[in-house]
Each structure stands twice: as C-alpha cells, then as structure tokens.
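What follows is the residue order along each chain.
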Amino acid sequence: MKMNKKRIIEILDSTKGRNVVVASKYIDEKQIKTLCSLGLHDFGENRADALIRKQQSLRDEEGIRFHFIGHLQSNKAKQIAHLICCLHSLDSLKTARLLNEAREQPLDCFVELHLTNNEAKSGVTEDELPFFMEGLKAFPKIRVIGFMAMSDKQMNDQEKRMVFRHAKELADRYGLTQLSMGMSDDYLLAIEEGATTLRLGRIITDNC
C-alpha cells in the first residue's frame, strides 16, 4: 500500500500540537522510517519481543524513540528497560522495582489508571492510587511524569469524556501536568479534556 502522506499530515494537524506516539504494532521498520520523514519520531509497542526486534533493527537510525504502551509483564521489564524512552502503562510496584534496578538513568513513566468498569483492563484504581504513588517513591529511577487513561470502545462520547476528565482531575490532584490518553477513535475528545500525549494507531498506520 502506498503511503497517503497528505492524509497523515491532515491527522497530525488535527492533534493541535500534542505529542503523538504512533502505535506501531502493525507496521514494519521501513514504514517507521518513512513516518520519521514526516516528523513522527515516537513509536509505541505493546509487546516486548516486537519492541526488541524493531529497536535492534533501527538502532542506527537517528531520532527514533520507542515507548512501551501495552501491559508490561514483570518478567519482561529488564529486557526492555534500556530500549525505551517512556513507559505508558506502569501499574505494578514489582515492575517499578525491576526497572529501577535495570536502569542507569531515570525512566519517564505514566501511571496507568483504571477508571472504567472493564475488569479485563489493567491499571491502578483511584482507591489504590495513594498507596501506589507513595510506593513509587522508593524507586529513584522511576520518574512519574503523568497518568495514562483509556476509555472503552462501547462508551458513548460523554462517557469517554468523563473518563478523560477524571484522569485530568487526578493529575491535578497529584501535581502532574502530562496525560497520555486518546487513541484513534477518541483522540479529539481527549485533546479537549487535557491530553498532552496521544497514542494513535490505525488512523495513521492504515495510511502507510
């Protein structure tokens, strides 16, 4: 498929200057390099093995930054600790400890919030959050820069807004200024509710 550069540029214009992390699970290294030529340099993987493979293949390419945006199993933490610039899904003190042990420099992390009734999703609930945030203070290599939140596909727009608004309220409560929220289906709503980082997948990769 030929890349639709015009459409991708239109999408980027609609993000209103927010940081865009491309969810790159469905594209290969060649497509990643092409997206870099359009000014996209941040790519998010949700599987450790895929991230390791792509990062190694592209290690000589300047400007490419890998994020981990999926649920990170603790047994994979040390494998990717030095390969990523940011973790968007921190929800385990055990994982935080392992990353802290593996890193030489602090790692930017978003704490993943669980703000919906979907029990299949990971994340820290509002009730768990005070204990979790206090526990992270033991790990100097974990630099919490904000919260990450996701809506559910079956939600209507107002329900999605409420999730994003709740995440913003919690971020304000904890003195955090960054919010990783908004994907292909709901990023415009997320922007309106305070998102600073967007994780965009198929809306971009379908045009690659």
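Residues numbered from 1 in each chain as written. Predicted model: local features only at pLDDT ≥ 70, side-chain atom pairs only at ≥ 80, totals over all residues. Heavy atoms only, no water.

> Please clarify how unusual backbone geometry should be interpreted in this entry.
Among all residues save glycine, negative phi is the norm, and among peptide bonds the norm is trans. Phi is positive for Lys16, close to 55°, though the residue is something other than glycine. Counting through the fold element by element, Lys16 comes out in the loop between α1 (5–14) and β1 (19–23). (Helix = DSSP H or I, 4+ residues; strand = E, 2+ residues; numbered from the N terminus.)

> Hey, could you run me through the nonpolar core in this one?
Within soluble globular proteins, side chains that are nonpolar generally end up buried alongside one another. Core analysis: the biggest nonpolar cluster contains 63 residues, and Leu35, Leu40, Phe43, Leu87, Leu136, Phe147 and Ile204 have the highest contact counts within it. Here the element with the most residues in this core is helix α7 (residues 157–173); it accounts for five residues. Residues contacting Leu136, with those up to four places away along its chain left out, are Leu90, Leu93, Ala96, Val111, Ile142 and Val144. (Core = buried A, V, L, I, M, F, W, Y, C linked by side-chain atoms within 4.5 Å. Buried < 20%, exposed > 50% of the residue type's maximum accessible area, 1.4 Å probe, protein only. Contact = heavy atoms within 4.5 Å.)

> Even after reading the chapter, I still don't get the side chain of Thr205, so can you show me in this structure?
Topologically, Thr205 is positioned in helix α9 (residues 202–205). If sequence neighbours within four positions are ignored, Thr205 has contacts with Val22, Ala23 and Ile27.

> It is not clear to me how the pattern of salt bridges should be interpreted in this structure. Could you clarify?
Between side chains of opposite charge, pairing is possible as soon as their charged atoms come close. Scanning the entire structure with this criterion turns up 17 salt bridges. Measuring nitrogen to oxygen at the nearest pair gives 2.6 Å for the salt bridge that ties Arg143 to Asp108. In this pair, Arg143 is assigned in strand β6 (residues 142–149) and Asp108 in strand β5 (residues 107–112), connecting sequence segments 35 residues apart. Arg143 sits in the partly exposed class, given a relative accessible area of 42%. (Salt bridge = Lys/Arg side-chain N within 4 Å of Asp/Glu carboxyl O.)

> Is there a simple way to explain α7 in this structure?
For an α-helix, the turn length of 3.6 residues means that residues three or four places apart are oriented alike. The terminal C-alpha atoms of α7, which comprises 17 residues, lie 24 Å apart, in line with the 24 Å expected from a rise of 1.5 Å per residue. Buried residues of α7: Lys160, Arg161, Val163, Phe164, Ala167, Leu170 and Ala171, and no others. Buried residues along α7 sit against α6 (129–136), β6, β7 (178–181) and α8 (187–192). Where α7 begins, the capping side chain belongs to Asn156, and its oxygen is found 3.1 Å from the backbone nitrogen of Gln158. The first or second residue beyond α7 is Gly175, which carries a positive phi of 70°. (Expected span 1.5 Å × (residues − 1). Polar contact = N/O pair within 3.5 Å; in protein donor to acceptor, adjacent residues only side chain to side chain.)

> Is there a simple way to explain the packing of aromatic side chains in this structure?
Geometrically, a pair of aromatic rings is defined through the distance of the ring centres and the angle of the planes. Using the criterion set out here, one finds one aromatic pair in the structure. Judged by centre distance (5.9 Å) and plane angle (75°), the ring pair of Phe147 and Tyr174 falls under edge-to-face. In this pair, Phe147 sits in strand β6 while Tyr174 sits in the loop between α7 and β7, placing the two residues 27 residues apart along the sequence. (Phe/Tyr/Trp six-rings, centres within 6.5 Å; stacked < 30°, edge-to-face > 60°.)

> How do you make sense of the environment of Glu112 when you look at a structure like this?
By secondary structure assignment, the location of Glu112 is in strand β5. Here Glu112 is in contact with His88, Ser89, Leu90, Asp91, Ser122, Gly123, Val124, Met148 and Met150, once residues within four sequence places are set aside.

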